[in-house]
Amino acid sequence: VLVGNAPGEAGLEITITGPEIEFFCNATIAICGADLSPAIQQKPVDINCCVQVRKGEILQFGALKNGCRAYLAIRGGLDVPLIMGSKSTDVKAGAGGLKGRALKAGDAFAVGNNVQRPPIKDDVHLPFQITKGLNEIAVLPGPEVSFFSQQAIRTFLTTNYTVGSESNRMGYRLEGESLEFRNQASLLSSGVALGTVQVPPGGQPIVLMADRQTTGGYPRIANVISADIPRLAQLVPGEQIRFVEVTMDQAIVRLGTLQNCLKNLEDLAR
């Protein structure tokens, strides 16, 4: 929205450590999400707003101040193939993006021309900020919540869980008090969604993320609401979360608030 690209246009996801990017043309960019101390020609630049880059300049990243993932958008997008309606990269399948893999030194992209509206003025910032500390993550009850004892459900909603070191884009493995099953009835594999919270036999929850599988055979105790997925995805191993149950109406209101923020930005660009 900041750079005026059409929805679904390709950008770069940058996790924890940023790259060094040289521009061979003038460009309008925006960096959102985590603050990785971006700088152009070694001069710090703001995140959550449009930034102008001149031909020959170099964008660098430094210390991670907060969050986990930064997102770089370039006006016009990146000229990569459209596969199954998406320009994303699926590293496990080796599809999309640049040869279906993570980027490495020496890779080059052409800038596309798929713009939808003018860029937002440079002095307008997105009203989103990542904060440190205990993160409350809202959930709705899952289809198999009845598989768990009342004590397990209380534990799930009242204790802190730590993001484990084995967490990745497929799932966030949480560490904390184990959740007890009411019974060990077998469960057929069922569909899972972004934010589904599964509990394997060991009792430690796993939150399924962007690169999740499509089905799973572990009981689904809850599902993180759509509005809180971006906040969850910004957590690094060692950070803590606490689940809070909300109603469907509350989840819809939270999502609507985010959508209204983006709509207001779009209105500014018109």
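Our subject in this report is the structure included herewith.

**With respect to helix α1 (residues 150–158)**
Step number 1: Of the positions making up α1, those classed as buried are Ala152, Ile153, Thr155 and Phe156. All buried residues of α1 fall inside an arc of 160° around its axis, so they share one side.
Step number 2: Taken together, the buried residues of α1 touch β9 (135–141), β10 (161–163), β13 (196–198), β16 (220–224) and β17 (240–245).

**Observations concerning the environment of Ala30**
Step number 1: Structurally, the position occupied by Ala30 is in strand β3 (residues 27–35).
Step number 2: Take Ala30: its relative accessible area is 4%, and that puts it in the buried class.
Step number 3: Residues Ala30 and Asn223, spaced 193 residues apart in sequence, show a C-alpha to C-alpha distance of 31 Å.
Step number 4: For Ala30, the contacting residues outside a window of four places in its chain are Leu2, Val3, Cys49, Tyr71, Leu72 and Ala73.

**Things to note about the packing of aromatic side chains**
Step number 1: As enumerated under the stated definition, the model contains 3 aromatic pairs in all.
Step number 2: Ring geometry for Tyr161 versus Phe243: centroids 6.3 Å apart, planes at 50°, classification tilted. In this pair, Tyr161 sits in strand β10 while Phe243 sits in strand β17, placing the two residues 82 residues apart along the sequence. There is no split in this pair, since Tyr161 and Phe243 are both buried.

**Here we look at the sheet that holds β13**
Step number 1: The 7 strands are arranged β9-β16-β13-β14-β11-β10-β17 in a closed barrel whose pairing can be described as mixed. Direction aside, the axes of adjacent strands within the sheet are offset by 40° on average.
Step number 2: When β13 meets β16, the two strands line up antiparallel, connected through 3 bridges. Considered in β16, the bridge of Val197 is made with Ala222.
Step number 3: α1 contacts β9, β10, β13, β16 and β17 of the sheet and is inclined by roughly 120° relative to β17.

**Regarding the environment of Tyr172**
Step number 1: In this fold, Tyr172 is placed in strand β11 (residues 171–175).
Step number 2: Classification of Tyr172 by relative accessible area gives buried; the value is 2%.
Step number 3: Residues Tyr172 and Gly56, 116 residues apart in the sequence, show an inter-C-alpha distance of 39 Å.
Step number 4: Leaving out residues up to four positions away in the same chain, Tyr172 has contacts with Arg69, Val163, Ser167, Pro205, Ile206, Val207, Met209, Leu232, Ala233, Gln234 and Leu235.
Step number 5: Of note is the side chain of Tyr172, whose polar atom sits 3.2 Å from the side chain of Arg69.

**Structural notes on the pattern of salt bridges**
If charged atoms from side chains of opposite charge come close, those side chains can pair.
Step number 1: Tallying each qualifying case throughout the model produces 9 salt bridges.
Step number 2: Between Arg173 and Glu166 there is a salt bridge whose closest N-O contact spans 3.9 Å.
Step number 3: Overall, the relative accessible area of 42% leaves Arg173 in the partly exposed class.
Step number 4: In this structure Glu166 comes out as exposed when scored by relative accessible area, which is 57%.
Step number 5: The closest approach of N and O atoms between Asp228 and Arg254, which form a salt bridge, is 2.5 Å. Here Arg254 lies in helix α3 (residues 248–269) and Asp228 lies in the loop between β16 and α2 (229–233), a separation of 26 residues in the sequence.
Step number 6: Residue Asp228 is classed as buried on the basis of its relative accessible area of 2%.

**Concerning the side chain of Gln198**
Step number 1: With respect to the helices and strands, the residue Gln198 is situated in strand β13.
Step number 2: In this structure Gln198 comes out as buried when scored by relative accessible area, which is 3%.
Step number 3: If sequence neighbours within four positions are ignored, Gln198 has contacts with Val192, Gln204, Pro205, Ile206, Leu208, Gln213, Gly216, Gly217, Tyr218, Pro219 and Arg220.

**Notes on the side chain of Ser149**
Step number 1: Inspection of the secondary structure assignment puts Ser149 in the loop between β9 and α1.
Step number 2: A relative accessible area of 16% means that Ser149 is categorised as buried.
Step number 3: Leave out the neighbours within four places in its chain, and Ser149 touches Glu180, Phe181 and Arg182.

Thresholds, definitions, all that
- Residues numbered from 1 in each chain as written.
- Predicted model: local features only at pLDDT ≥ 70, side-chain atom pairs only at ≥ 80, totals over all residues.
- Heavy atoms only, no water.
- Buried < 20%, exposed > 50% of the residue type's maximum accessible area, 1.4 Å probe, protein only.
- Helix = DSSP H or I, 4+ residues; strand = E, 2+ residues; numbered from the N terminus.
- Arc of directions from axis to C-beta.
- Contact = heavy atoms within 4.5 Å.
- Phe/Tyr/Trp six-rings, centres within 6.5 Å; stacked < 30°, edge-to-face > 60°.
- Pairing = 2+ DSSP bridges.
- Axes fitted to C-alpha atoms, helices over the stretch in contact; angles between N-to-C directions.
- Polar contact = N/O pair within 3.5 Å; in protein donor to acceptor, adjacent residues only side chain to side chain.
- Salt bridge = Lys/Arg side-chain N within 4 Å of Asp/Glu carboxyl O.

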